[in-house]
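Each chain, written out:
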Amino acid sequence: MNILQMVKKVPGGLMVIPLLLGAAINTFFPQVLEIGGFTTHLWKTGALPILAVFLFANGAQISVKQAGMPLYKGAMLTLVKFLIGAGVGVIVNRIWGPAGVLGLSPLVLIAALTNSNGGLYAALAGEYGDSTDVGAVSILSINDGPFFTMLAFGATGIAEIPFIALVATIVPILAGFILGNMDEEIRKFLAPATVIMIPFFAFPLGSALNFRQLIEAGGPGILLGLLVTALTGFGGYFLFKAMKVQNPQIGAAIGTSAGNSVATPAALAAVDPSLVNIAATATAQIAAAIIVTAILAPLLVSWLDKREKAKKKVEAAA
């Protein structure tokens, strides 16, 4: 039936198709994913352990001579994500105030723009980039939470840098890196897992989403998702172009909002009671942005990938 070939024809298909299937089933038949046992573990709750294996396998593909590049890429992507999010939030706040513009408050803009979906980034980096691009998630994961949003709001006195979460993300990559460099056979053995695991953690990532959230958030939520992908996606791409890395299209993979960023408005409202009135609306809008960016970011990366490859062919022929 050539199912795999059809999936691969879709931009970012190995990630997007399973993710959309998971979201669709969770929207219309959620009970199917909650019957327990291996079914629930594989299709509903298994994203993180499967992603951990994916990171371990990718870590094994990193040569000791490349150790510094993943850290460098991750730090630069984290920085540009933060600067764009904080900059947009500050500008909107100064011009339009806390209520924001077009239904989007500074709170929701900063929360969505400064956070990125580490799992989706890793999947896209694995499909379109190399092991150093995937390894960058060990640093990029530090923005997967409310810390940078709080920092942008001047709340650093009470926010804690999630060092444990950062270390926990690095360990599987580091373990794979050590074993892969100790034994070349281990590196070769794990290489297929860098592709095979992608649809298996994409589906449960999708099953945590619900299409009804788009309706609840309305136009502003969809607009928020478009802004996240456009501003931070192209921001990451042009950053990597300026850095002259081998696969600049991977920079666009930060054009997403993290799944746990849904909790950021509530966390900020607990810190600053003045944000309580807009926290609920912001939560729904971020939920919509998560879905929109999960769809658009792979499309953007795929489009840029084709452009970059076309340019290389032209340059090679010249």
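What counts as what
- Residues numbered from 1 in each chain as written.
- Predicted model: local features only at pLDDT ≥ 70, side-chain atom pairs only at ≥ 80, totals over all residues.
- Heavy atoms only, no water.
- Helix = DSSP H or I, 4+ residues; strand = E, 2+ residues; numbered from the N terminus.
- Buried < 20%, exposed > 50% of the residue type's maximum accessible area, 1.4 Å probe, protein only.
- Contact = heavy atoms within 4.5 Å.
- Polar contact = N/O pair within 3.5 Å; in protein donor to acceptor, adjacent residues only side chain to side chain.
- pLDDT = per-residue confidence, 0-100.
- Core = buried A, V, L, I, M, F, W, Y, C linked by side-chain atoms within 4.5 Å.
- Axes fitted to C-alpha atoms, helices over the stretch in contact; angles between N-to-C directions.
- Parallel < 35°, antiparallel > 145°, perpendicular 65-115°, else oblique.
- Left-handed = near helix turned anticlockwise from the far one by under 90°.
- Nonpolar A, V, L, I, M, F, W, Y, C, P; charged D, E, K, R; others polar.
- Patch = residues over 30% accessible without salt bridge, like charges linked within 9 Å, V, L, I, M, F, W, Y side chains within 5 Å.
- Areas by Shrake-Rupley, 256 points an atom, 1.4 Å probe, with all protein chains shown as cover.
- Salt bridge = Lys/Arg side-chain N within 4 Å of Asp/Glu carboxyl O.
- Phe/Tyr/Trp six-rings, centres within 6.5 Å; stacked < 30°, edge-to-face > 60°.
- Expected span 1.5 Å × (residues − 1).

Engineer: Please explain the overall build of the chain as it appears in this structure.
Structural biologist: A tally of helices and strands in the chain yields 17 helices and 0 strands. Counting every position in the chain, which comprises 318 residues, the buried fraction comes to 50%. Looking at the chain alone, contacts between residues at least 24 apart form 82% of all its contacts between residues at least 6 apart.

Engineer: It is not clear to me how the environment of Q285 should be interpreted in this structure. Could you clarify?
Structural biologist: Position of Q285 relative to the elements: it lies in helix 17 (residues 276-317). Residue Q285 is classed as buried on the basis of its relative accessible area of 4%. What Q285 contacts, discounting residues up to four positions off in sequence, is G103, L104, V108, A217, P220, G221 and L224. Only 2.9 Å separates the side chain of Q285 from the backbone oxygen of G103, close enough to count as a polar contact.

Engineer: How should the confidence of the model for the chain be read in this particular structure?
Structural biologist: Low pLDDT marks regions whose predicted coordinates should not be analysed in detail. The pLDDT averaged across the chain works out to 83; a share of 90% of its residues lies at or above 70. When mean pLDDT is compared element by element in the chain, helix 12 (residues 184-190) scores highest at 93, while helix 10 (residues 147-152) scores lowest at 70. Contacts for the low-pLDDT stretch residues 155-161, under 50 throughout, to residues beyond four places or in other chains number 9 contacts.

Engineer: In this structure, what is going on with the environment of A266? I would like to understand it.
Structural biologist: Tracing the chain through its elements places A266 in helix 16 (residues 264-271). Residues A266 and A280, spaced 14 residues apart in sequence, show a C-alpha to C-alpha distance of 7.7 Å.

Engineer: Is there a simple way to think about the nonpolar core in this case?
Structural biologist: Nonpolar side chains in soluble globular proteins tend to be buried together. Ranked by internal contacts, the top residues of the largest apolar core, which has 68 residues, are M15, F54, L55, Y121 and L224. The leading source of residues in this core is helix 17, at 10 residues. Among residues more than four places away in sequence, those in contact with M15 are L120, A123, E127, I198, F201, A202 and L205.

Engineer: What am I meant to see in the packing of helix 4 (residues 47-60) against helix 7 (residues 118-128) here?
Structural biologist: A pair of packed helices is captured by two measures, namely the crossing angle of their axes and the spacing between those axes. Their axes nearest at 11 Å, the elements helix 4 and helix 7 cross at an angle of 40 degrees. The pairing of helix 4 with helix 7 is recorded here as oblique in orientation. In terms of crossing hand, the pair formed by helix 4 and helix 7 is left-handed. Seen from helix 4, the contacting residues are L51, F54 and L55; seen from helix 7, they are G119, A122, A123 and G126. Broken down by class, the residue content of the contact of helix 4 with helix 7 amounts to 5 nonpolar, 2 polar and no charged.

Engineer: How should I be thinking about a nonpolar patch on the surface in this particular structure?
Structural biologist: Taken together, the side chains of L42, W43, I196 and F200 present a nonpolar region at the surface, about 330 Å² in accessible area. Of note, W43 is situated in helix 3 (residues 37-43).

Engineer: Would you take a moment to explain the side chain of S105 for this structure?
Structural biologist: With respect to the secondary-structure elements, S105 resides in the loop between helix 5 (68-96) and helix 6 (106-113). Leaving out residues up to four positions away in the same chain, S105 has contacts with P98, A99, G100 and I278.

Engineer: Can you walk me through the pattern of salt bridges in this structure?
Structural biologist: Note that side chains of opposite charge can pair when their charged atoms are close. Using the criterion set out here, one finds 4 salt bridges in the structure. Residues D133 and K73 are paired through a salt bridge, measuring 2.8 Å at the closest nitrogen-oxygen approach. Pair noted here: D133 is in helix 8 (residues 131-135) and K73 is in helix 5, with a separation of 60 residues, a long-range link. Since its relative accessible area comes to 0%, D133 is described here as buried. We classify K73 as buried; its relative accessible area is 3%. Here D305 and K309 are joined by a salt bridge, their closest N and O atoms 3.2 Å apart. Here the residue D305 and the residue K309 both occupy positions in helix 17, the gap between them amounting to 4 residues, near one helical turn.

Engineer: Is there a simple way to think about the packing of aromatic side chains in this case?
Structural biologist: Centre-to-centre distance and the angle between the planes together describe a pair of aromatic rings. A full pass over the atoms with the stated rule returns 4 aromatic pairs. Taken together through their ring pairs, the aromatic side chains of F234, Y237 and F238 make up a single cluster.

Engineer: Can you walk me through helix 5 in this structure?
Structural biologist: Spacing of three or four residues puts side chains on the same side of an α-helix, whose turn is 3.6 residues. With 29 residues, helix 5 extends 42 Å from end C-alpha to end C-alpha; this agrees with the ideal 42 Å at 1.5 Å per step. Positive phi appears at G97, one or two residues downstream of helix 5, with a value of about 85 degrees.

Engineer: Just checking my understanding: could you explain the packing of helix 4 against helix 14 (residues 198-206) for this structure?
Structural biologist: Two numbers describe how helix 4 lies on helix 14: the axes approach to 8 Å, and their chain directions differ by 155 degrees. When the interaxial angle is binned, helix 4 and helix 14 end up roughly antiparallel. Read as a crossing pair, helix 4 and helix 14 show a hand that is left-handed. Contact residues: A47, I50, L51 and F54 in helix 4; I198, F200, F201, P204 and L205 in helix 14.

Engineer: Before we go on, may I ask you to explain the side chain of T293 in this structure?
Structural biologist: For T293, the location among the structural elements is in helix 17. If we skip the residues at most four places from it in the chain, T293 touches L120, G225, V228, T229, G255, T256, S257 and P298.

Engineer: Just to check I follow, could you spell out unusual backbone geometry for this structure?
Structural biologist: The general pattern is negative phi for most residues beyond glycine and trans for most peptide bonds. The backbone of L102 sits at a positive phi, close to 55 degrees, despite the residue not being glycine. What makes L102 exposed here is its relative accessible area of 65%. Despite not being glycine, K244 shows a phi value in the positive range, around 60 degrees.

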